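So the chains spell out like this:
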Amino acid sequence: MKFLAISFLILALAAATTLAYDPDPLQDICVATNDLESGVFVNGKFCKDPKQTTADDFLFMGFRKPGNTSNPLGSQVTQAFVDQFPGLNTLGISMARIDFAPGGLNPPHTHPRGTELLVVVEGTLLVGFVTSNQLNNTLFTKVLYKGDVFVFPIGLIHFQLNIGNTYALAFSGLSSQNPGVITIAKAVFGATPPISPEVLTKAFQVDKKVVDYLEAQFWYDNN
């Protein structure tokens, strides 16, 4: 528990000194609400009347229990974005808990609106990100151990793989209240409606049977 508290402190300090991607707030607080008659539309959400705001609006308890890793990927991401944690509205920050079974993978994905700072709390993770075409799609990768911190720049494809024989746990801080998630395989081969096989066969330089097979798969979403 002591180490977990230190990990949260690291994330908090790093986030406090990082320039957030979201616009700066123009008011002290703006708790998101679904009551359209109670407030003002800011950053994609309606703000709750500040006079009706309570301390509970700034509390998130979704990280207390481990995520269910009994799925094809062997991992589960628990988000604390503005949709799950309304008190984040206009604050330009969010978090996620990532649980990994042995061999579990958080597959290649991007956050189009946020940089991610990840700290390993338990286990051993192989992590990495790939740069844009401009930098020749260079892979930056490291093996992380308990207490290590790694940053994934905004918008770049990245991943985390539990290479240990035991359960692994990590927490992420992100520089947006709603960083978004695009899982590459699911987006390409699980799009609705499907992307034309003619596009994918040429893009990936494979036979149409391969594309048909991939598009027929169930692409599990661990977020």
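Up top is the structure.
Rules used in this analysis
- Residues numbered from 1 in each chain as written.
- Predicted model: local features only at pLDDT ≥ 70, side-chain atom pairs only at ≥ 80, totals over all residues.
- Heavy atoms only, no water.
- Helix = DSSP H or I, 4+ residues; strand = E, 2+ residues; numbered from the N terminus.
- Buried < 20%, exposed > 50% of the residue type's maximum accessible area, 1.4 Å probe, protein only.
- Contact = heavy atoms within 4.5 Å.
- Areas by Shrake-Rupley, 256 points an atom, 1.4 Å probe, with all protein chains shown as cover.
- Core = buried A, V, L, I, M, F, W, Y, C linked by side-chain atoms within 4.5 Å.
- Pairing = 2+ DSSP bridges.
- Axes fitted to C-alpha atoms, helices over the stretch in contact; angles between N-to-C directions.
- 1 Å grid on protein atoms, 1.4 Å probe; cavity = no way out; pocket = protein on both sides within 12 Å on 5 of 7 lines; lining within 4 Å.
- Points joined across faces, edges and corners; volume = space filled by probe spheres on them.
- Nonpolar A, V, L, I, M, F, W, Y, C, P; charged D, E, K, R; others polar.
- Polar contact = N/O pair within 3.5 Å; in protein donor to acceptor, adjacent residues only side chain to side chain.
- Salt bridge = Lys/Arg side-chain N within 4 Å of Asp/Glu carboxyl O.

A. Representation of the overall build of the protein chain in the model. Summing up its helical and strand segments, the protein chain has 4 helices and 13 strands in all. Put simply, the protein chain has 223 residues, and 38% of those count as buried. Pairs at least 24 apart in sequence give 72% of the contacts found in the protein chain among residues at least 6 apart. Accessible surface computed for the protein chain: about 12600 Å², of which carbon and sulfur atoms make up 60%.

B. Summary view of the nonpolar core. Formed by 15 residues in total, the largest nonpolar core has its most connected members in F100, L118, L125, V127, L144, F150 and F152. Breaking this core down by element, the ones donating at least two residues are β5 (94-100), β7 (116-122), β8 (125-130), β10 (149-152) and β12 (168-174). Setting aside anything within four residues of it in sequence, one finds F100 in contact with T69, G74, S75, L105, N106, L125, Q160, N162, Y167, A168 and A170. By size, the runner-up hydrophobic cluster in this structure holds 8 residues, among which are F63, A80, L88 and F171.

C. A look at the sheet that holds β10. Taken in spatial order, the 5 strands make up an open sheet running β4-β5-β12-β7-β10, and their pairing is antiparallel. Both edges of this open sheet fall to β4 (75-80) and β10, since each of them pairs with a single strand only. Strand-to-strand twist in this sheet, taken as the mean axis angle between neighbours without regard to direction, amounts to 20°. Where β7 lies against β10, 4 bridges are found, and the strand directions are antiparallel. Along β10, the bridge assignment pairs L117 with V151.

D. A look at empty space enclosed by the protein. One pass over the structure, following the stated rule, counts 1 cavity of 30 Å³ or more. Here the largest cavity is characterised by a volume of approximately 100 Å³. Looking at the largest cavity, it is lined by 13 residues, and the ones nearest its centre are V77, A96, H109, H111 and N223. When contributions to the lining of the largest cavity are tallied by element, the ones reaching two or more residues are β4, β5, β6 (105-110) and β12. Broken down by class, the residue content of the lining of the largest cavity amounts to 6 nonpolar, 6 polar and 1 charged.

E. Seen up close, the side chain of T131. Position of T131 relative to the elements: it lies in the loop between β8 and β9 (139-144). At 3.3 Å, the side chain of T131 forms a polar contact with the backbone oxygen of L135. Setting aside residues no more than four positions away along its own chain, T131 makes contact with N137, T138, F140 and L156.

F. A look at the sheet that holds β8. Strands sit in the order β9-β8-β11-β6-β13 across an open sheet of 5 strands; the sheet is antiparallel. On the outer flanks of this sheet lie β9 and β13 (182-183), each paired with one strand and no other. Relative to strand β11 (residues 157-162), β8 runs antiparallel, the two being bridged by 6 bridges. By the bridge assignment for β11, V130 is matched with I157.

G. The arrangement of the pattern of salt bridges in detail. Applying the stated criterion to the full structure yields 4 salt bridges. For D57, the salt bridge is made with K48, and the minimal N-O distance between the two is 3.0 Å. Classification of D57 as buried rests on a relative accessible area of 15%. With a closest N to O distance of 3.8 Å, E198 and K202 form a salt bridge.

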